[in-house]
Amino acid sequence: MGTTLYVTHEPNEEDRLAIYKNLIAFNDATAGPSSFERLAVLLKDDIGISIGGLWGKFSYGWLTIELLVVPDSLRGQGFGRRLVRTAEEAAIKRDCVGVWLDTHGFQAPEFYKAIGYEIFGNLPNYPQGVSRYFLKKLLN
């Protein structure tokens, strides 16, 4: 039986899982178990519908913040700081080394720097004319 390269712009979840499972098996065999676990800190409205929040994951002793959004109507009221601080507290309870994330220049690099994150890398022109920044914060 041969192996074929197949390109698609409409992969399905089964395709993703095949890649993911093989990568996790390799990583776990090489670096040890990742202790992967999801984290969500949600902002909910009066009737319990999620309207924003933080989405992340724990793995290899770090918390990665994958998504963070505070609706326009709630910005400037400290919700962003509270979301991040709550996630950091969860990371501290898990004895994480630190937290890392990425953000575009038009999003929130200054917000993260103001709450103790430092830039450790950037990808220029993503999108064109804007940098994507990678930030980290070590936890005590």
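Being a predicted model, the structure only gives us computed values, none of them experimental.

### Quick look at the overall build of the protein
Along the protein, the regular secondary structure elements total 3 helices and 6 strands. Each helix and strand of the protein, placed in order from N terminus to C terminus, yields the pattern α-β-β-β-α-β-α-β-β. Expressed as lengths along the three principal axes of its C-alpha atoms, the size of the protein is roughly 60 × 40 × 35 Å. Of all 140 residues assigned to the protein, the portion counted as buried reaches 27%.

### Some details on helix α1 (residues 13-31)
Between its terminal C-alpha atoms α1 stretches 26 Å, which fits the 27 Å expected from 19 residues at 1.5 Å a residue. After α1 finishes, the residue G32 shows a positive phi value of roughly 90 degrees.

### A look at the layout of surface pockets
Space inside the largest pocket adds up to approximately 480 Å³. Every residue lining the largest pocket is counted, 22 residues in all, and those nearest its centre are L68, V69, Q107, A108 and Y112. Contributions of two or more residues to the lining of the largest pocket are made by β3 (62-69), α2 (79-93), β4 (98-104) and α3 (109-114). Per-element tally for the lining of the largest pocket: the top contributor is β3, with 5 residues. Of the residues that constitute the lining of the largest pocket, the class distribution is 11 nonpolar, 7 polar and 4 charged. Estimated volume of the second largest pocket: approximately 200 Å³. What lines the second largest pocket is simply R16, Y20, L23, I24, N27, S34, F36, R38, K57, S59, Y60 and E66. Of all the elements in the fold, those that place two or more residues in the lining of the second largest pocket are α1 and β2 (50-59). Among the elements that line the lining of the second largest pocket, the one with the most residues is α1, at 5 residues. For the lining of the second largest pocket, a count of residues per class yields 5 nonpolar, 3 polar and 4 charged.

### Considering the side chain of H104
With respect to the helices, strands and loops of the structure, H104 is situated in strand β4. Those residues within four positions of H104 in sequence are excluded, and the remaining contacts are P109, Y126, P127, S131, R132 and Y133.

### So, the environment of G78
The topology assignment puts G78 in the loop between β3 and α2. Take G78: its relative accessible area is 29%, and that puts it in the partly exposed class.

### Focus: the sheet that holds strand β6 (residues 132-138)
One open sheet holds the 6 strands; their spatial order is β1-β2-β3-β4-β6-β5, and the pairing between them is mixed. One side of each edge strand has no neighbouring strand; the edge strands of this open sheet are β1 (37-44) and β5 (118-123). Neighbouring strand axes in the sheet, compared pairwise and without regard to direction, differ in orientation by 20 degrees on average. In terms of strand pairing, β2 meets β3 through 7 bridges, oriented antiparallel. Bridging across to β3, G53 finds its partner in V69. The sheet contacts of α2 involve β1, β2, β3, β4 and β6, and relative to β1 the element is tilted by about 150 degrees.

The rules we used
- Counting restarts for each chain, with residues numbered from 1 along the sequence as it is written.
- For this predicted model, a pLDDT threshold of at least 70 governs which residues receive local features, and a threshold of 80 or more governs which side-chain atom pairs are given and counted, while totals over whole chains, interfaces and linings are taken from all residues.
- Heavy atoms throughout the structure, all of them, feed into the side-chain values; hydrogens and water do not.
- A run of H or I in DSSP counts as a helix once it spans at least four residues, and a run of E counts as a strand once it spans at least two, with each numbered from the N terminus.
- To sort residues, take the accessible area from a 1.4 Å probe on protein chains only and compare it with the maximum for the residue type: under 20% means buried, over 50% means exposed, and anything in between is partly exposed.
- The length a helix should cover is 1.5 Å for every residue beyond the first.
- Using protein atoms alone on a 1 Å grid, points that fit a 1.4 Å probe yet trap it form a cavity, whereas open point sets bounded by protein on both sides within 12 Å along at least five of seven lines form a pocket; residues with an atom within 4 Å of a point count as lining.
- Grid points are joined across faces, edges and corners, and a volume is the space filled by probe spheres set on the points.
- Under the grouping applied here, Gly and all other residues not named as nonpolar or charged are polar, the nonpolar ones being Ala, Val, Leu, Ile, Met, Phe, Trp, Tyr, Cys and Pro and the charged ones Asp, Glu, Lys and Arg.
- Contacts were defined at the residue level, with two residues in contact if any of their heavy atoms lie within 4.5 Å.
- For two strands to count as paired, DSSP must find a minimum of two bridges between them.
- Axis geometry follows a simple rule: fit a line to the C-alpha atoms, using only the stretch in contact for helices, then measure angles between N-to-C directions, giving values from 0 to 180 degrees.

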